[in-house]
Amino acid sequence: MAYWCNRLAFYLYCVSMPLMGPVYNPSPPPAIPGLKHVALGYHMLIVGGMAAILDIFFAVRECVMKPTVPADDDEELSELDVEEVNQSMDSMGNRAVLMVGFIQHASARFIGLQHAPDGHEYELYLNHVFPLMVSLGCVCLQAVVYITFMSTTQLRTGPVSRSTTRCLFALFRISDFLFKLGVFVVLSGASLTGWGCSCPCCAGADYGTAVGPCAASLVPDGACYTRVAYVPMTCCFASILVIAFFLCWSRCAASHSNGEDDEDRGDLAVALDSLGTVGTLAAGFVMYNITTFNTDVIRGPFPAEDRPLFGLTNWGFLFLWANWLAFSMGLAVVACVQIINGRANALEPAGRKQYLAAVESMLLPIEFTTLVSLVSFVLAFGLLGIAKMLPPRLEGFIASSMLLVVLARQLQKIWGMQHVASSRANNSSSSIRVPPGPCVAVLQGKLDAITGPSMMFGGFAYNGISFLFRSGAVLGPTYVVGMAASFCSALYLTFTSAIIDFNLARLSPKAKEGFAAMLGETLIYARRSYALCLAMFMMAFTVMGYIKLWDYGSPLSEQGPLGWKYGILQLIGGLLGLLSLWRLRHTIRLEASRLNEAPKEGEGAMGSQGPSLCKVRQMLAHAKLGSSSTAFQVGNVFYEVLFSGVNLHDPAANFAYFGFAVTTLVLGSIALMISCELFFSIEELSDGLKCVLAERLTIHFRLIRILYMASLISWLCSMFFSSEVKYPELWWASFSWSCCGLVVLTGACVWMRSAMGFFSFSEMRSDSSLEEASDDS
């Protein structure tokens, strides 16, 4: 059921994407659409048709063929290892999803022009080429997303056979080619954004429709995106040159690999992935700003009302450069990492070692590009309140400046620890005392448990400030300070995790243990940063109802009464969330401290803990598994609350819609805090005490699942009223689909509960008691 629900969601997405251009494009549509008008968005029908063909093929293949696992000829299956191919395809799919995000923003913000923006005919030509390039890039990358995430599901979960492996590798090669092609096309299309997302220079209300972004009053000096179109073109071409260089260099280095290097560098792919994580973060969250520069900055502030427009100011110009450097350099890092790792997986084990040795000598350019994208991303965040808001908000700029200082100090500190650990490991003299600290596996487990959700919350906080339309509200500074603190905490944690992973991957096994042992204090600050990220986000959320736009058709002077009427929902929800976060965090830490005070009594009460420890690991893995899904869900609800306006004629639907949305966000945030505290508190204890604390906190493991399911149901209940609030004439749209989702979800839960009553699945349940398990299990 989950398999085909996923397919249905993808097909619906393919059908809806072609409608994005006609819905969002503010230009007057032509009487008879031509090919250039059909091209924008309709590329997804090609991907949908290809996906349907592949699904039918795999369904027939599964029914007709019965693959078997060969016994003695595993080496004949392929020259690649299956697990490495699966990991490479997952990585490729994740990065393709990132770049598809730009395509969606570009499709929605494209402004088709009938006349040259600044009087030059080549500008009109580039305006028409922009959607074609974007569409072609989307075809390639969406095909990669489908192949890597969906079409290989049956191949991965079924038994391994020669035919299955050959099919998997064929899809891998196709995905690799489409990914590289898609990167070049997307960057080529992005370089034309200044012409594709620009209103005509010197245009006023006489152009286009009366409600489009080009219908605003004249801007100072007739400024438009076209006047600074060289900024995206310069940044994107620089990114293309970097990618082309590493593509050619990677091919040459691979062709000269002869396998003479015996040093093991198998963890170098992990080091590159850590750089790719930073590049993904920097490029992903600025996509909206680079496509809406004309409407949100040049023609800002929004809503303009009777206030004068900004035009192209010096702050706006710096903001443009910062965003485009973060986007282009971040994509360059993402693409180079994928090219290098994909090339390594395509080599034989003997040649792979020498190839990785050559890669290690070329890491400096990638590290420098990553640093440029990260610094540009932080500066872009700091300039949001100055370039987009009136009155300007300087709190974000102050916070970002302090963050850069902290990140520089953290980088220096961790690099120093790495050099000390490396020198100690290379020192042949006998006894070198290493301070007590976590082992490598525990260190990486703790960081992985909190890095993913913190990245998402950092993005939520970034967009939370980016869409502050009432910066002059009384509680505006409080909101900005809370979101800026959440963003800085999340970015500090993500950067710390990435730089630790990068250094760990390049150390010898002995040096890794020494390096991990020196990071005890760093982990304490990481844990505090995660708690601060959630708490400050929730604090800012409590006042968001009093500073957000509740009706996009009303002037700012009329937003105050609506804020006092509906802002109470977020105030109550945020305060309850903060209280729950503090209470549950305190309870978990209190149990851990009590156990530390009497460790012998706790260990004696449990007896032999070998098999039970395995179950504790399983419980922690299940708690960690839902963190990313919960964070994603919380973020989507946050955007719903932030962007949505109210129905002035139906207060009951407004209260129901926003009330359930706030409930979803609060429940999800509590689940994330519990998951983090459980992981850190249990992993800090000895093996025997881990089992004791897990037994005492069994109710908290159950609570994570209950909160996640409750938040999912409340989200669907909120969607019941979405259409009624946003477009009452189509009230049935979200209501019908939400009912379908709730019925499917309820049916699946009832079926699984009944199945668990008939069959023995106790060993798979993370919330069951810690009874002894057999050695085999």
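Residue positions are given per chain, counted from 1 along the sequence in the order it is written. Local features are withheld for residues below a pLDDT of 70 in this predicted model, meaning they are given only at 70 or higher, and side-chain atom pairs are given and counted only at 80 or more; totals for whole chains, interfaces and linings count all residues. Only heavy atoms go into the side-chain values, all of them from the structure, while hydrogens and water stay out.

By the naming in an unreviewed UniProt entry, the protein chain is Ankyrin-1, taken from Cladocopium goreaui.

Explain the overall build of the protein chain to me, please; I cannot follow it from the model alone.
Helix numbering and strand numbering both begin at the N terminus, where a helix is a DSSP run of H or I of at least 4 residues and a strand a DSSP run of E of at least 2. Secondary structure summary: the protein chain contains 28 helices and zero strands in total. Exposed residues in this analysis have more than 50% of their type's maximum accessible area, buried residues have under 20%, and partly exposed residues fall in between, with area computed by a 1.4 Å probe over protein chains only. Here the protein chain holds 777 residues, and 55% of them are scored as buried. Contacts are assigned to residue pairs that have any heavy atoms within 4.5 Å of one another. For the protein chain, the share of sequence-separated contacts (at least 6 apart) that also reach a separation of at least 24 residues comes to 86%. To be clear on the numbers: accessible area is Shrake-Rupley with a 1.4 Å probe, and residue cover counts the displayed protein chains and nothing else. Taken as a whole, the protein chain presents about 33,200 Å² of accessible surface, with 66% of it coming from carbon and sulfur.

What is the right way to look at the environment of Gly-300 in this model?
With respect to the helices, strands and loops of the structure, Gly-300 is situated in the loop between α12 (293-298) and α13 (314-345). With sequence-adjacent residues up to four places away left out, Gly-300 is seen in contact with Thr-295, Pro-308, Leu-309 and Phe-310.

Would you explain empty space enclosed by the protein in this entry?
Where empty space is left can be seen by rolling a probe of water-molecule size over the atoms. A pocket here means an open set of points on a 1 Å grid, computed over the protein atoms alone, that has protein on both sides within 12 Å along at least five of seven lines. A cavity is instead a set of points where a 1.4 Å probe fits but cannot get out; residues with an atom within 4 Å of a point line either one. Grid points are joined across faces, edges and corners, and a volume is the space filled by probe spheres set on the points. Under the definition given, this model contains two cavities of 30 Å³ or more. Taken as a whole, the largest cavity encloses approximately 50 Å³ of empty space. Lining the largest cavity we find Leu-281, Phe-285, Phe-377, Ser-454, Met-455, Gly-458, Gly-459, Phe-487, Ala-490, Leu-491 and Thr-494. Those elements that provide at least two residues to the lining of the largest cavity are α17 (440-466) and α18 (476-505). Of the residues in the lining of the largest cavity, the class split is seven nonpolar, four polar and no charged. Basically, the charged four are Asp, Glu, Lys and Arg, the nonpolar ten are Ala, Val, Leu, Ile, Met, Phe, Trp, Tyr, Cys and Pro, and anything else, Gly included, counts as polar.

Where do I start with the side chain of Gln-559 in this structure?
On the secondary structure map, Gln-559 appears in helix α21 (residues 559-597). Of the residues examined, Gln-559 reaches a relative accessible area of 0% and is grouped as buried. Polar contact is defined as a pair of N or O atoms within 3.5 Å, subject to the rule that within protein one atom must be able to donate a hydrogen and the other to accept it, and that residues adjacent in sequence are counted only when both atoms are side-chain atoms. At 2.8 Å, the side chain of Gln-559 and the backbone nitrogen of Trp-550 are in polar contact. Side-chain polar atoms of Gln-559 contact the backbone oxygen of Asp-551, separated by 2.7 Å. In this view, Gln-559 contacts Arg-470, Lys-548, Leu-549, Trp-550, Asp-551 and Ser-554; residues no more than four positions away in its chain are not counted.

Any chance you could explain the packing of aromatic side chains here in plain terms?
Aromatic rings considered in pairs are described by the distance between their centres and by the relative angle of their planes. Pairing of aromatic rings covers Phe, Tyr and Trp, the last counted by its six-membered ring, and requires centre-to-centre distances within 6.5 Å; plane angles under 30 degrees mean stacked, over 60 mean edge-to-face, and any other angle means tilted. Inspection of the entire model under this criterion finds 39 aromatic pairs. Here the aromatic rings of Tyr-657 and Phe-658 are separated by 5.0 Å at their centres, their planes lie at 70 degrees, and the arrangement is edge-to-face. For the pair Tyr-657 and Phe-658, a shared accessibility class is recorded, and that class is buried. One aromatic cluster is present, built from ring pairs that chain together Tyr-288, Phe-302, Phe-457, Phe-460, Phe-467, Phe-469, Phe-537, Tyr-552, Phe-638, Tyr-639 and Phe-643. Charge over a ring is defined by NZ of Lys or CZ of Arg lying within 6 Å of the ring centre and within 35 degrees of the ring normal. Over the aromatic face of Phe-467 sits the side chain of Lys-388, whose NZ or CZ is 5.6 Å from the ring centroid. Positioned above the aromatic ring of Trp-550 is the side chain of Lys-548, whose terminal nitrogen or guanidinium carbon lies 4.1 Å from the ring centre.

What exactly am I supposed to notice about the side chain of Arg-527 here?
Note on placement: Arg-527 falls in helix α20 (residues 520-544). A polar atom in the side chain of Arg-527 sits 2.7 Å from the side chain of Glu-677.

How should I be thinking about the nonpolar core in this particular structure?
Proteins that are soluble and globular tend to have nonpolar side chains buried together. By nonpolar core we mean a set of buried residues, namely Ala, Val, Leu, Ile, Met, Phe, Trp, Tyr and Cys, connected to one another through side-chain atoms within 4.5 Å. Core analysis: the biggest nonpolar cluster contains 220 residues, and Trp-324, Phe-327, Tyr-479 and Phe-638 have the highest contact counts within it. At 18 residues, helix α24 (residues 651-683) tops the list of elements feeding residues into this core. By size, the runner-up hydrophobic cluster in this structure holds six residues, among which are Leu-113, Leu-124, Cys-199 and Cys-214.

I tried to follow the pattern of salt bridges on my own but got confused; where do I start?
If charged atoms from side chains of opposite charge come close, those side chains can pair. Definition used for salt bridges: Asp or Glu carboxyl oxygen within 4 Å of a side-chain nitrogen of Lys or Arg. For the structure shown, the criterion picks out 10 salt bridges. Residue Glu-395 is joined to Arg-393 by a salt bridge in which the shortest nitrogen-to-oxygen separation is 3.1 Å. Among the residues examined, Arg-393 registers a relative accessible area of 14% and is labelled buried. In this structure, Glu-677 engages Arg-585 in a salt bridge whose closest nitrogen and oxygen atoms are separated by 3.2 Å. One end of the pair, Glu-677, is in helix α24; the other, Arg-585, is in helix α21, with 92 residues separating them in the sequence. Judged by its relative accessible area of 23%, Arg-585 falls in the partly exposed class. Connected through shared salt-bridge partners, Arg-527, Arg-585, Arg-589 and Glu-677 make up one network.

What's the story with a nonpolar patch on the surface in this structure? I'm lost.
For patch building, the residue pool is restricted to those with more than 30% relative accessible area and no salt bridge; the joining distance is 9 Å between like charges and 5 Å between nonpolar side chains (Val, Leu, Ile, Met, Phe, Trp, Tyr). Nonpolar side chains collect at one region of the surface, where Tyr-727, Leu-730, Trp-731, Trp-732 and Phe-735 lie side by side and expose about 520 Å² of accessible area between them. Among the structural elements, Tyr-727 can be located in the loop between α27 (722-726) and α28 (731-758). By relative accessible area, Tyr-727 is classed as partly exposed at 35%.

Please clarify how the state of the cysteines should be interpreted in this entry.
In plain terms, two cysteine sulfur atoms within 2.5 Å form what is called a disulfide here. All chains considered together, the criterion is met by one disulfide. There is a disulfide in this structure between Cys-201 and Cys-224, and the S-S distance comes to 1.9 Å. Here the residue Cys-201 occupies a position in the loop between α8 (193-196) and α9 (230-255), and Cys-224 occupies one in the loop between α8 and α9, the gap between them amounting to 23 residues. Judged by its relative accessible area of 0%, Cys-224 is buried. With no disulfide of its own, Cys-197 has Cys-199 as its nearest cysteine by sulfur position, at a separation of 9.8 Å. The class of Cys-197 is buried, set by a relative accessible area of 1%. In this model Cys-717 remains outside any disulfide bridge; the closest cysteine sulfur is found in Cys-739, 9.4 Å from its own. On the basis of relative accessibility, which here comes to 16%, the residue Cys-717 falls in the buried class.

Teacher, can you tell me more about the confidence of the model for the protein chain here?
As a general rule, the predicted coordinates of low-pLDDT regions are not to be interpreted in detail. pLDDT runs from 0 to 100 and stands for how confident the predictor is about each residue. Mean pLDDT over the protein chain: 80, with 83% of residues reaching 70 or higher. Contacts from residues 606-611, a stretch scored under 50 in pLDDT, to residues over four places away or in other chains number eight contacts.

Would you take a moment to explain the packing of α18 against α20 for this structure?
Helix-helix packing is characterised by the crossing angle of the two axes and by the distance between the axes. Where helices are involved, their axes are fitted lines through C-alpha atoms of the stretch in contact, as for all axes, and angles between N-to-C directions lie from 0 to 180°. Interaxial distance between α18 and α20 falls to 8 Å at its minimum, and their mutual angle equals 155 degrees. When the axes of α18 and α20 are compared, the pair comes out roughly antiparallel. Here α18 runs over α20; the crossing is left-handed. Partitioned by chemical class, the residues of the contact of α18 with α20 number 19 nonpolar, seven polar and no charged. Geometric relationships in this document are graded by angle, where less than 35 degrees denotes roughly parallel, more than 145 denotes roughly antiparallel, 65 to 115 denotes roughly perpendicular, and other angles denote oblique. Helix crossings fall into two classes, left-handed where the near helix is turned counterclockwise from the far one by less than a right angle and right-handed where it is turned clockwise.

I tried to follow the packing of helix α7 (residues 162-190) against α9 on my own but got confused; where do I start?
One way to put it is that α7 packs onto α9 with a least axis distance of 8 Å and a crossing angle of 160 degrees. Relative to α9, the element α7 is oriented roughly antiparallel. Between α7 and α9 lies a crossing of left-handed hand. Every residue of α9 that contacts α7 at Lys-180, Val-183, Phe-184, Leu-187, Ser-188 and Ala-190 is listed here: Pro-232, Cys-236, Ser-239, Ile-240, Ile-243, Ala-244 and Leu-247.

When you look at α17 in this model, what are you seeing that I'm missing?
Owing to its 3.6 residues per turn, the α-helix brings residues three or four apart onto one side. How far a helix is expected to stretch is found by multiplying one less than its residue total by 1.5 Å. For α17, spanning 27 residues, the distance from its first C-alpha to its last is 38 Å, which sits close to the expected 39 Å at 1.5 Å a residue. Values of bend correspond, residue by residue, to the angle between axes fitted over the seven residues ending at that residue and the seven starting there. The largest bend in α17 comes to about 30 degrees, at Thr-451, with the proline Pro-453 one to four residues further on. Among the 27 residues in α17, 22 count as buried, and that is most of the element.

Whenever I open this one, the environment of Ala-710 confuses me. Can you help?
Its location among the elements puts Ala-710 in helix α26 (residues 698-720). C-alpha of Ala-710 to C-alpha of Thr-664: the two residues are 46 residues apart in sequence and 7.7 Å apart in space.

Even after reading the chapter, I still don't get the environment of Ala-656, so can you show me in this structure?
Tracing the backbone through its elements, the reader meets Ala-656 in helix α24. Taking C-alpha positions, Ala-656 is 8.9 Å from Phe-720, a pair spaced 64 residues apart along the chain.

Would you take a moment to explain unusual backbone geometry for this structure?
For the peptide bond that leads from Gly-300 to Pro-301, omega is 0 degrees, which places it in the cis range. For Pro-301, the location among the structural elements is in the loop between α12 and α13. A cis amide bond, omega 0 degrees, links Leu-390 with the succeeding residue Pro-391. Take Pro-391: it is sitting in the loop between α15 (363-387) and α16 (395-426). Despite not being glycine, Asp-221 has its phi angle at roughly 60 degrees, a positive value. Assignment of secondary structure puts Asp-221 in the loop between α8 and α9.

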